[in-house]
Amino acid sequence: MKIRNFCKVLILLTVFWISAGFAQPSKILIVNSDNSVYRYQTIATEFKKIIQQNAYQVAELNLNSHADAETELKQLIQQENPGLIYTIGTKAYLLARDYTHNRKLLFSAAINWRRLDIAEGTYGVANELASAQEISLLRYFLPSIKTIGLLYSDKFSREYVESIKKDALSVGINVVTKAINEDKEIGDALNGLLPKIELFWIISDPVVLSNKESVKTIFQSAQQQKKPVYAYSDVYIEQGAVLAVSADSDTIGRQSASFVLMMDKDKVSEGTVQSPAGSTITLNKCVLDALRLNFNKDALDSINKVVGCEK
Amino acid sequence: MKRILSVLFIFSVFVTGAYRSAYADEGPFIYFYNPETNINNFASLKRGFDVYLVDHGGYLFQPFDIKETFESAIQGKKGDVYLLSNWHLKALQQKNIPLKIALVGTSKGNTMQRKVLSAKKDITDVSMLKNTVVAGAGSEEYIQSVLKQILGKDQEALLKDIKILIVPKDIDAIMAVGFGMATAAISAESSLEKLAMINPNQHRELHSLGVSEKDYFLIAATLKKPDQKEEQLLEVLRKMPDADAGEENLRMLGIDGWRALQ
Amino acid sequence: MNKYVYNLLFGVLILNSNASAETSAANNDLEKELAYLAAERQVVVTASKMEEHVDKTIATTTVITQDDIAHIGARNLLDVLRLVPGIGITQTQFGWREIEVRGVKTVLSEKVQIMLNGHPLDHNLQNAGSAWVYDDLPVDTIKRVEVVRGPGSALYGANAFLAVINIITQNAKDLNGVQTSAGWGSFDTQQYRASWGKQFDNTAEAALHFNFTDTNGINSPIPADSSSIQGLSSSAPGKSQLTEGRYDLEWQLGYQDFKLDGRYINKKMGTFFGAATILSDDRTQQDYNDYFLRLSRAWKIKDDFTIDTQIFHDFYSADNRWQLAQNQFTRSGFQDMRTGGEIQANYHISDAQAVIAGFSYAKEQQGNLIDELGPDPEHLIPAPSITEERTRKHWGLYIEDVWDPLKNLRLTLGARYDRYNDFGGTFNPRMGFNWEFIRNYSLKFSYGTAYRAPAFGELGLVNNPVLLGNSSLKPEEVKTFETGIVAHPVASLTTQAIYYHSAINQIISQVPIQTAISRYDNSGSVIAEGVELEARYDFEGSLQGSYLSANHVLQHSVQLGQQLADVPRHRTNLTANLAFDNTWSSFAHVLIKGNTLRSLSDARNEVPGYALLDVGLLGKNMFGRKVDISFNVYNLFDKRYYDPAPTSLSFIGDYQMPGRAFFGHVSLRF
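Residues numbered from 1 in each chain as written. Chains lettered and ligands numbered in written order. Predicted model: local features only at pLDDT ≥ 70, side-chain atom pairs only at ≥ 80, totals over all residues. Heavy atoms only, no water.

### What to know about the overall build of chain C
Inference 1: A tally of regular secondary structure across chain C gives nine helices and 38 strands.
Inference 2: Scaling as 2.2 N^0.38, a compact globule of 670 residues should have a C-alpha radius of gyration of about 26 Å, and chain C matches this with 28 Å.
Inference 3: Just so you have it, chain C exposes about 26900 Å², and 58% of that area is on carbon and sulfur atoms.
Inference 4: A gap of 2 Å separates the mean positions of the 59 positive and 74 negative side-chain charges of chain C. (Helix = DSSP H or I, 4+ residues; strand = E, 2+ residues; numbered from the N terminus. Rg over C-alpha atoms; globule rule 2.2 N^0.38 Å. Areas by Shrake-Rupley, 256 points an atom, 1.4 Å probe, with all protein chains shown as cover. Lys, Arg positive; Asp, Glu negative; His and termini not counted. Charge placed at Lys NZ, Arg CZ, Asp CG, Glu CD.)

### Here's the deal with helix H3 (residues 69-80) of chain A
Residues and elements named next belong to chain A.
Inference 1: Counted at 1.5 Å a residue, the expected span for H3 with its 12 residues is 16 Å, and the 16 Å between its end C-alpha atoms agrees.
Inference 2: Regarding H3, the residues found buried are Ala-69, Thr-71, Leu-73, Gln-75, Leu-76 and Ile-77.
Inference 3: In the segment just after H3, Asn-81 is the residue with positive phi, at about 45°. (Expected span 1.5 Å × (residues − 1). Buried < 20%, exposed > 50% of the residue type's maximum accessible area, 1.4 Å probe, protein only.)

### A few points about the sheet that holds strand E28 (residues 517-522) of chain C
Residues and elements named next belong to chain C.
Inference 1: Overall, mixed pairing links the three strands, which are arranged E24-E28-E27 in an open sheet. Two strands bound the open sheet, and with one partner strand each, they are strand E24 (467-468) and strand E27 (508-514).
Inference 2: Here E27 runs beside E28; their pairing, made up of six bridges, is antiparallel. Bridging from a neighbouring strand, Gln-510 pairs with Tyr-520 of E28. (Pairing = 2+ DSSP bridges.)

### Points about the confidence of the model for chain C
Residues and elements named next belong to chain C.
Inference 1: When pLDDT is averaged across chain C, the result is 87; 92% of the residues are at 70 or more.
Inference 2: Between the elements of chain C, mean pLDDT differs from a low of 36, seen in helix H1 (residues 2-15), to a high of 96, seen in strand E14 (residues 258-271).
Inference 3: For the stretch residues 1-23, pLDDT sits under 50, and the model shows 33 contacts to residues farther than four places along the chain or on other chains.
Inference 4: Between residues 43-51, whose pLDDT stays under 50, and residues either more than four places distant or in other chains, the model counts 20 contacts. (pLDDT = per-residue confidence, 0-100. Contact = heavy atoms within 4.5 Å.)

### Section: the nonpolar core
Inference 1: The biggest cluster of nonpolar side chains holds 137 residues, and the ones touching the most others in it are Tyr236(A) and Leu83(B).
Inference 2: In terms of residue count, the dominant contributor to this core is helix H9 (residues 249-264) of chain A (seven residues).
Inference 3: Aside from chain neighbours lying at most four places away, what touches Tyr236(A) is Ile202(A), Leu209(A), Val215(A), Phe219(A), Ala231(A), Ala241(A), Leu30(C), Glu33(C), Leu34(C) and Leu37(C). (Core = buried A, V, L, I, M, F, W, Y, C linked by side-chain atoms within 4.5 Å.)

### Regarding the domain arrangement of chain A
Residues and elements named next belong to chain A.
Inference 1: Partitioning chain A into structural domains gives domain 1 (17-128 + 251-274) and domain 2 (131-247 + 279-307).
Inference 2: On a C-alpha basis, the centroid separation for the pair domain 1 and domain 2 is 31 Å.
Inference 3: Between domain 1 and domain 2, the residue contacts involve eight residues of the former and 10 residues of the latter.
Inference 4: Both faces considered, domain 1 and domain 2 share a buried interface measuring about 800 Å² in area, 56% of it formed by carbon and sulfur atoms.
Inference 5: For the interface between domain 1 and domain 2, the tally reads zero salt bridges. (Domains from an automatic or database assignment. Buried area = accessible area lost by both parts, 1.4 Å probe. Salt bridge = Lys/Arg side-chain N within 4 Å of Asp/Glu carboxyl O.)

### Observations regarding the packing of helix H2 (residues 42-55) of chain B against helix H10 (residues 244-252) of chain B
Residues and elements named next belong to chain B.
Inference 1: Remark: H2 packs on H10, axes separated minimally by 10 Å, with the N-to-C direction vectors making an angle of 150°. It follows from the interaxial angle that H2 and H10 lie roughly antiparallel. Judged by the sense of rotation from one axis to the other, the crossing of H2 with H10 is left-handed. Residue-level inspection shows Leu-45, Gly-48, Phe-49 and Tyr-52 of H2 in contact with H10, the latter providing Ala-245, Gly-246, Asn-249, Leu-250 and Met-252.
Inference 2: Looking at the contact of H2 with H10 residue by residue, the classes come out as six nonpolar, three polar and no charged. (Axes fitted to C-alpha atoms, helices over the stretch in contact; angles between N-to-C directions. Parallel < 35°, antiparallel > 145°, perpendicular 65-115°, else oblique. Left-handed = near helix turned anticlockwise from the far one by under 90°. Nonpolar A, V, L, I, M, F, W, Y, C, P; charged D, E, K, R; others polar.)

### Observations concerning the side chain of Lys227(A)
Residue and element names in this part refer to chain A.
Inference 1: Mapped onto the fold, Lys-227 is located in the loop between helix H8 (212-224) and strand E9 (229-231).
Inference 2: Glu-198 provides the closest opposite charge to the buried, unpaired Lys-227, separated from it by 8.3 Å.
Inference 3: Of note is the side chain of Lys-227, whose polar atom sits 3.1 Å from the backbone oxygen of Leu-194.
Inference 4: Each residue touching Lys-227, except ones within four places of it in the same chain, is listed here: Leu-194, Pro-195, Ile-197, Glu-198, Ala-222 and Leu-291. (Polar contact = N/O pair within 3.5 Å; in protein donor to acceptor, adjacent residues only side chain to side chain.)

### Some words on the sheet that holds strand E12 (residues 279-284) of chain A
Residues and elements named next belong to chain A.
Inference 1: Spatial ordering of the open sheet is given by E7-E6-E8-E9-E10-E12-E13, a layout of seven strands whose pairing is mixed. Sheet topology places strand E7 (174-179) and strand E13 (305-307) at the edges, where each strand pairs with a single neighbour. Taking the axes of each pair of neighbouring strands and ignoring which way they run, one obtains an average angle of 20° across the sheet.
Inference 2: Examined bridge by bridge, strand E10 (residues 243-247) and E12 share five bridges and lie antiparallel to one another.

### Describing the pairing of strand E4 (residues 100-106) of chain B
All names here are of chain B.
Inference 1: In terms of burial, E4 is largely enclosed, as five of its seven residues are buried.
Inference 2: Both E4 and strand E12 (residues 219-222) contribute to a ladder of four bridges, which runs antiparallel. Residue pairing for E12: Lys-100 is matched across the bridge by Thr-222.

### Structural notes on a nonpolar patch on the surface
Inference 1: A surface patch of nonpolar side chains, about 990 Å² in accessible area, is lined by Val178(C), Trp196(C), Phe200(C), Leu208(C), Leu253(C), Phe258(C), Leu260(C), Leu293(C), Leu295(C), Ile311(C), Leu668(C) and Phe670(C).
Inference 2: Structurally, Phe670(C) is set in the segment after strand E38 (661-669). (Patch = residues over 30% accessible without salt bridge, like charges linked within 9 Å, V, L, I, M, F, W, Y side chains within 5 Å.)

### Some words on the pattern of salt bridges
Residues and elements named next belong to chain C.
Inference 1: Evaluated as defined, the whole model comprises 66 salt bridges over all chains.
Inference 2: When the shortest N-O distance is used, the salt bridge between Arg-75 and Asp-79 registers 2.8 Å.
Inference 3: Linked by salt bridges that have partners in common, Arg-97, Asp-135, Asp-136, Arg-246, Asp-248, Glu-250, Arg-263 and Lys-267 make up one network.

### Digging into the environment of Ser221(A)
Residue and element names in this part refer to chain A.
Inference 1: Its location among the elements puts Ser-221 in helix H8.
Inference 2: For Ser-221, a relative accessible area of 10% corresponds to the buried category.
Inference 3: With 34 residues separating them in the primary sequence, Ser-221 and Gly-187 have C-alpha atoms 7.9 Å apart.

### A few points about helix H2 (residues 38-53) of chain A
Residue and element names in this part refer to chain A.
Inference 1: An ideal rise of 1.5 Å per residue puts 22 Å on 16 residues; H2 measures up with 23 Å between its terminal C-alpha atoms.
Inference 2: Buried residues of H2: Arg-39, Tyr-40, Thr-42, Ile-43, Ala-44, Glu-46, Phe-47, Ile-50 and Ile-51, and no others.
Inference 3: Looking one or two residues beyond H2, the residue adopting positive phi is Ala-55, at roughly 65°.

### What to know about unusual backbone geometry
Residue and element names in this part refer to chain C.
Inference 1: Geometrically, the link from Ala-236 to Pro-237 is a cis peptide bond, its omega value of -5° lying close to zero.
Inference 2: The residue Pro-237 is located in the loop between strand E11 (221-222) and strand E12 (238-239) in this model.
Inference 3: Even without glycine at this site, Ser-109 takes up a positive phi of about 50°.
Inference 4: Mapping Ser-109 onto the fold places it in the loop between strand E3 (97-101) and strand E4 (112-116).
Inference 5: Take Ser-109: its relative accessible area is 3%, and that puts it in the buried class.
Inference 6: Here the phi dihedral of Asn-117 falls at roughly 50°; this positive angle occurs in a residue that is not glycine.
Inference 7: As for its position among the elements, Asn-117 is in the loop between E4 and strand E5 (119-120).

Here it is as structure tokens:
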């Protein structure tokens, strides 16, 4: 076999490849981890709204309604031949990434995406706000806080916590962290952590926030030790968090749709994962007053919701 | 059958409640619609205003987050006060709805603000915004109109190639540029000043690609020349900054006082 | 008015809101958020980041999935392997099949490493190779087969010389219940399988597989044997005696980070026409027992640093009775054991770089030798042993770095050093890159070396009047470089073109030292090069499930300036699968094999090339997704074709392969 013959074969193949062209179907397959989950549902609705306005066809698969979701997904991909697969939630992403066959994949609502194995041709909108954004806002609203603490699990949040620590350090805030493996460890972990910190930060860690009991333990311990709680979602305001800066689910859906439009114009570099662009900031004035925290009054008009003591 | 009956029951409760409330002998109302403001928890807003207004003349506050619903409320009623943006007011006037400005909101002594189109410094010209995402808070229609004004006639054609990303707040829009989720942002000048405090590094990275004409922060308008009843309500509004609770409510709307137009 | 009322409805809903409604809404919101977190918690990333996508690896890899196997209607592993580019399957006189890889073929297929779920199966220490009991492995329990062509010693050590065939079987999660299947076909073939798998709440999981296969084997005409051509009494002309019965039992048990797995095989088989070229009957019997037991544990030190440890025990025994002449029989047997352990550290330096490093140790022992001789196969008497009891110890140290310095560039660099107490050390590196130079077009290049360890039978053959062992043998070596392009020009189309060049040196061969006496020695070298072209197109839309695939191989293997005998110069596989709907699909496969060359000293004509057509019909997921049925016809046109008999057996003629054959298969899931 001469190398010349090999080159001839390669040239022939190349001609074939180029002549085959690059067809780009404009159908999008939405794979939803579980559309009974409110957040997933919200994201899907906003995404569809914008994507359909821009004349895309949409096919949907809800993993929760199929016993053999893997087969369904495979069949749907073959049937619909989507140009892009949009996944909502980690479960949907992990399943879909094996069947993309060189289609583009855009994920959203996956907790701490950095823990996932991100394949080629994959794009994403993160679930968490950029840690630098969270830290900046926290410092703006509560300027006197210098030491914050958080609990997390290595399995789900290690990378996110590392970026929090780094970003906090750059603005002079010290972050004390404690990793736990299961929700049973929360009580002891809090007892060790709370005395060392000025504010406790709840991040979206599925091990720390396993159930209502865990949430209750966090707020009871924080209250006993008179430590304010800062949370990633406004659902914790009612439980007693003083401030919540949450990623806005509607915006995640819209942002994902914009992302798709830009991808089709080749304006997004491969592998881009964006932080959520929209935040909702909620202040619990009742807790703020009770704890006599130093709150920046100029920041009041940046707050989306102010919750008072009246019930 | 049980299910049908229960649905009918719930429906009837809703309709009755709606009808009763609509015709209750309460009010007058202050109606509010402004997507440019940061507040989106209308329950808190309503609660804050109602507590204040009931003590100052038994008025009620009604915020809307759907434009069409707000506009229907204006068309159907007279004698109330409407809080809205000047941009929206002009649009309504073009639809022959005879709204008149009674008061304009102030912030730190100013009644007007400009909207700024800002981007990172590597975007040197608006033409570079073709096929990019521009973030802004408000309705898509509003952002489009501000953008159109900033781009001017020469660059108006760019609009169709710009994707608008609607975010909840001005500060989200500017931070979206800083964190790479959008190429440019439409925001109020004051929001840019706020970014300088929140994240000075990001603020340093941004520059302005253009500004809109100055416009009022927020407007209190009436459908006709205010009569005595409406004047009383406007007076209550005007005096809100004098009380702490009143000022806090206004801050939630992004202003700190009112001024009558000369 | 109505419009107004409805328009105001929204406002009223806010107006009517009260504190208790807000509290319950907040609780409801918390529940929604916890439900979201619970949904996210269910998913743990199990896939090792070291797993590489086929497109990204530097190695030339073909993956055959369970779905593909179902379409092929495969009766055993050989039916699967013969579709892989660069691999050919041929018959041996002893009964088992040869696996030809990239133009190189030997009777024992010892240059190919077969693995089951990552565990090497070259348990036969006397004669090397894994094909003895694994060539015709049942396929019903297989999830996928990965065939990596090219040298693999840098990772896997000995005998990953020309290719590594890794068979991955269904685990507890894949089974999730009971699965049974049965197949019946020509040559009185019957196969039965039962599997059970379950994952328990306490992280325990179990999968059990049982297979039984029985066949009379192909009845190839044997026109002559070494007795008949001498005019001695003989069973020839007659038919081959390729009967076979085998039991396979596999287990995979897991609890927390521990896993205990293994497989036991008992295989009893006849022969094609025997070790001494004598056509025999059921008095020639090969009896193999093979098992391995592996206990492994994964240790997670940190998320980016894990350690895999394992200890294993492999066992292989042969107890074979061969007919040597009309009234002469021999019985030979032995037991081989390999016991050892391995520790492998996996460190993800960053998202773009991972390093694995490991150490392995094994002790190999051969004993319980059986050597008997006599005219009556039922009453044989002990004879001097032709091999020795033997012990070997070896250890290996390896490291591999997979690094993506750019998003479209992967570099792989690895090396392994193995040290044996009998023949010394060997060092084998592997390096290469995969560069996606245009989106969907990747250029691959790799260079690597591999070795095959001398087998006990080659080192210590004794009491054999015509062939001597050689205790100073060195391992066979191969140096391979390959380059090629993998491309996806349009969605659903995968194409690949690979050029390879292998230089095999220190080949362990039988070298004449005196008239009629040979000895094993490191002698001779082979240069093998060729081009492998592959394409597969999966249809979408109304034809979903359908695919077309083709592979074509041009190969040229040279020894002492002459092309190697008994291998074809080209081979083509064309496959079409047409799915009528989600249930029914039909399959067609054409194998086109070029003429097979003879050696220079062989005056016979080349073995003529041939084209075979196989077709099949598959019904999947019937009766509530519980039943699959398939029916396949092999060699539909009943083409008469032959596998080459080596030059040394030229007097017998080539081996006639089976004509039209049928196979039906039913599988049930509960």
